[in-house]
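In case you want the letters, here they are:
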Amino acid sequence: MQILRIVTFNFNPHLIIIKVARAVSRRYSMEQKTANQKLFVGGDHAKYYAQFRPTYPMKVFDTIMNFCKENSTEKDLAVDIGCGSGQSTVPLSKHFSYVIGVDVSEKQISNAPTNIPGLTFHVSAAEELAFVKDGSVDLITIGQALHWIQLDKFYAEVDRILKPRGLLVAYGYTTISVHHEEVDKYLMNIYSVRLSKSWASDRKHIENKYSSLPSPYDKWIRNDDITIEKHFTVDHLIGYLSSWSAIQTYAKLNINSDLIGEIREKLLTISRQDGDANGEKMFKITWPVFMLMTHKPEC
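Just so we're clear, the structure is a prediction, and the values are computed from it rather than from any experiment. (Residues numbered from 1 in each chain as written. Predicted model: local features only at pLDDT ≥ 70, side-chain atom pairs only at ≥ 80, totals over all residues. Heavy atoms only, no water.)

1. Focus: the nonpolar core
Generally speaking, a soluble globular protein has its nonpolar side chains buried in company with each other. Among the nonpolar cores identified, the biggest contains 55 residues, and Ile-64 and Tyr-240 are the most heavily contacted of them. Not counting chain neighbours up to four residues away, the residues in contact with Ile-64 comprise Leu-139, Thr-141, Val-169, Tyr-171 and Met-291. Grouped together as the second largest cluster of nonpolar side chains are 31 residues, Val-79, Leu-151, Phe-154 and Phe-290 included. (Core = buried A, V, L, I, M, F, W, Y, C linked by side-chain atoms within 4.5 Å. Buried < 20%, exposed > 50% of the residue type's maximum accessible area, 1.4 Å probe, protein only. Contact = heavy atoms within 4.5 Å.)

2. Looking at the pattern of salt bridges
Within this structure, the stated rule accounts for nine salt bridges. For the salt bridge of Glu-262 with Arg-194, the shortest nitrogen-to-oxygen distance reads 2.9 Å. With a gap of 68 residues between them, Glu-262 in helix H10 (residues 259–273) and Arg-194 in helix H6 (residues 181–194) connect regions that are remote in the sequence. Lys-281 is the salt-bridge partner of Asp-274, the closest N and O atoms lying 3.8 Å from each other. Overall, the relative accessible area of 26% leaves Lys-281 in the partly exposed class. It is possible to trace a salt-bridge network through shared partners that takes in Glu-74, Asp-76, Asp-138 and Lys-163. (Salt bridge = Lys/Arg side-chain N within 4 Å of Asp/Glu carboxyl O. Helix = DSSP H or I, 4+ residues; strand = E, 2+ residues; numbered from the N terminus.)

3. Observations concerning the packing of aromatic side chains
Scanning all chains against the criterion turns up 12 aromatic pairs. A ring pair is formed by Tyr-173 and Trp-287, whose centres lie 6.1 Å apart and whose planes are at 65°; its orientation type is edge-to-face. With a gap of 114 residues between them, Tyr-173 in strand S5 (residues 162–173) and Trp-287 in strand S8 (residues 283–295) connect regions that are remote in the sequence. Classification of Tyr-173 by relative accessible area gives buried; the value is 4%. Taking relative accessible area as the criterion, Trp-287 reaches 0% and is therefore assigned buried. When the centroid spacing of 4.8 Å and the interplanar angle of 70° are considered together, the rings of Tyr-210 and Phe-290 count as edge-to-face. With a gap of 80 residues between them, Tyr-210 in the loop between helix H7 (203–207) and strand S7 (221–232) and Phe-290 in strand S8 connect regions that are remote in the sequence. Summarising the burial analysis for this pair, Tyr-210 and Phe-290 share the class buried. Aromatic rings pair up to connect Tyr-56, Tyr-171, Tyr-173, Tyr-191, Trp-199, Phe-232, Tyr-240, Trp-244 and Trp-287 into one cluster. Its guanidinium or amino end placed over the ring of Phe-283, Lys-281 lies 5.6 Å from that ring's centre, counting from NZ or CZ. (Phe/Tyr/Trp six-rings, centres within 6.5 Å; stacked < 30°, edge-to-face > 60°. Lys NZ or Arg CZ within 6 Å of the ring centre and 35° of its normal.)

And the structure:
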């Protein structure tokens, strides 16, 4: 005698909707990050980035090397992700036998130095490091770029190429401060109001100093004690603002608007009010730096 077994299924339409929504959200997130990375590929942006972006003070690299010393890290190979035109890569070459700079933008890499022994550059996404051997890297750095990439894929590559006890250091700088009350107030209005719809959503991670981004290993060790300090003329400040991804996006969305020209005229007016007729006044500019450091376990 055969016994029929009746199997019942609990059908929950709300659960199906949630799963579909999550899948769509993940796909959108990956597509959005890919689109965000393309903001840095253009020739004009690469030119402004190389010429006007602030360089990190040596204290940043001293902090990295102290972390290496604390972890008895070898100094054979370092990989600098999101290297741009090499501002953050070159200082590493003073400490490591070989350094590889990696950036998604061919234009950025074309502005990098080519005459430093042991230093090479590759055009590649951070999530695709097939040209680096397994377990060969002592240090991976990523400056002002961790928020742009797909963390799960990048962290898988980090774990693949790092040696046991190899280090990962992510760092960046937050919003500009101009030590001139009227200029600072005006530029903060441009940043938060005029450009509010032009910043990529991942910009929030820069503003909160990566506090919500996970470590691939146990925990981050933080350092928020460093500041970049520069003195810019109006034209240099305009060059820096032109390197903002939001400025590039705003220009594409508002083709009949000359926001950079408008900002320049405003800054020149303020400069003239301060007694500078030629726009040669030097404004003190600062950016707070944040650093997150971690290491791969031995086993």
